[in-house]
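Observations on the three-dimensional arrangement
Read off the chains here:
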Amino acid sequence: QVHLVESGGGLVQAGGSLRLSCAASERTFSILRMGWFRQAPGKEREFVAGIRWFGGSTDYAESVKDRFTISRDNAKNMVYLQLNSLKPEDTAVYYCAAAPTHGAYYSINDYAYWGQGTQVTVSS
């Protein structure tokens, strides 16, 4: 059983929007940070956005700042990524991840739990 499950990916035209969701499928007592990462063909997996499991501190990659928004629901068991003004270069598999330690949101090695990913494809 995976710890995190992403959904909401799909095909969208450039300039369009999507909302990705990440659901925790296990108890969340050990989660301190939630993050979204993405990986395009031929590229390294890269940080997109992060948020505290408790509280509203956030961080974004420069490439998505002012276009994407990470948020957490009131029950603290769902994390979302709102993707606006999408560009073809945003095409990638998007992964939700959870970190049980303190640290920078972009520190990929801190994330111990990963979802299976959801494909986002942006057409021209």
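Data block above holds the structure.
Residues numbered from 1 in each chain as written. Predicted model: local features only at pLDDT ≥ 70, side-chain atom pairs only at ≥ 80, totals over all residues. Heavy atoms only, no water.

Description of unusual backbone geometry
Inclusion rule: In this text, helices come from DSSP runs of H or I with a minimum length of four residues, and strands from runs of E with a minimum of two, each type numbered from the N-terminal end. Summary of the burial criterion: residues with accessible area below 20% of their type's maximum are buried, those above 50% are exposed, and those between are partly exposed, where the area comes from a 1.4 Å probe applied to protein chains only.
Residue aspartate 66 is not a glycine yet carries a positive backbone phi of 75°. Among the structural elements, aspartate 66 can be located in the loop between strand S6 (58–60) and strand S7 (68–72). With a relative accessible area of 76%, aspartate 66 lands in the exposed category. Backbone geometry places serine 85, a non-glycine residue, at a positive phi of 50°. For serine 85, the position within the fold is in the loop between strand S8 (78–83) and strand S9 (92–99). Assessed through its relative accessible area of 40%, serine 85 is described here as partly exposed.

Things to note about the sheet that holds strand S3 (residues 18–24)
The cut-off we apply is this: Strands pair, by our definition, only if DSSP identifies at least two bridges between them. Fitted lines through C-alpha atoms serve as axes, helices being fitted only where they are in contact, and the angles separating the N-to-C directions of these axes extend from 0 to 180 degrees.
Strands sit in the order S1-S3-S8-S7 across an open sheet of 4 strands; the sheet is antiparallel. Single-partner strands in this sheet number two, and they are strand S1 (4–7) and S7. Ignoring which end each strand starts from, the neighbouring axes of this sheet average 15° apart. Sheet topology note: the S3/S8 ladder contains 6 bridges and is antiparallel.

So, the pattern of salt bridges
For the record, the criterion: Note on definitions: salt bridges are taken to be side-chain nitrogens of Lys or Arg within 4 Å of carboxyl oxygens of Asp or Glu.
Under the definition given, this model contains 4 salt bridges. For arginine 33, the salt bridge goes to aspartate 110, with nearest N and O atoms at 3.1 Å. With arginine 33 in strand S4 (residues 33–39) and aspartate 110 in the loop between S9 and strand S10 (113–114), this residue pair connects regions lying 77 residues apart in the sequence. For arginine 33, a relative accessible area of 3% puts it in the buried group. Where glutamate 46 meets arginine 38, a salt bridge forms, and the shortest distance between an N and an O atom there is 2.7 Å.

Re the packing of aromatic side chains
Going by this rule: Side-chain rings of Phe, Tyr and Trp (the six-membered ring for Trp) are treated as a pair once their centres are within 6.5 Å; stacked means planes under 30 degrees apart, edge-to-face means over 60, and tilted covers the remaining angles.
On inspection of all chains with the given rule, the structure shows 6 aromatic pairs. Taking the centre distance of 5.1 Å and the plane angle of 55° together, the rings of phenylalanine 37 and tryptophan 114 count as tilted. Of this pair, phenylalanine 37 sits in strand S4 while tryptophan 114 sits in strand S10; the two residues are 77 residues apart in sequence, bridging distant segments of the chain. Assessed through its relative accessible area of 0%, phenylalanine 37 is described here as buried. Geometrically, the ring pair formed by phenylalanine 47 and tyrosine 106 is edge-to-face, given 6.5 Å between the ring centres and 75° between the ring planes. Of this pair, phenylalanine 47 sits in strand S5 (residues 46–52) while tyrosine 106 sits in the loop between S9 and S10, and the two are 59 residues apart along the sequence. Its relative accessible area of 53% is what places tyrosine 106 among the exposed residues.

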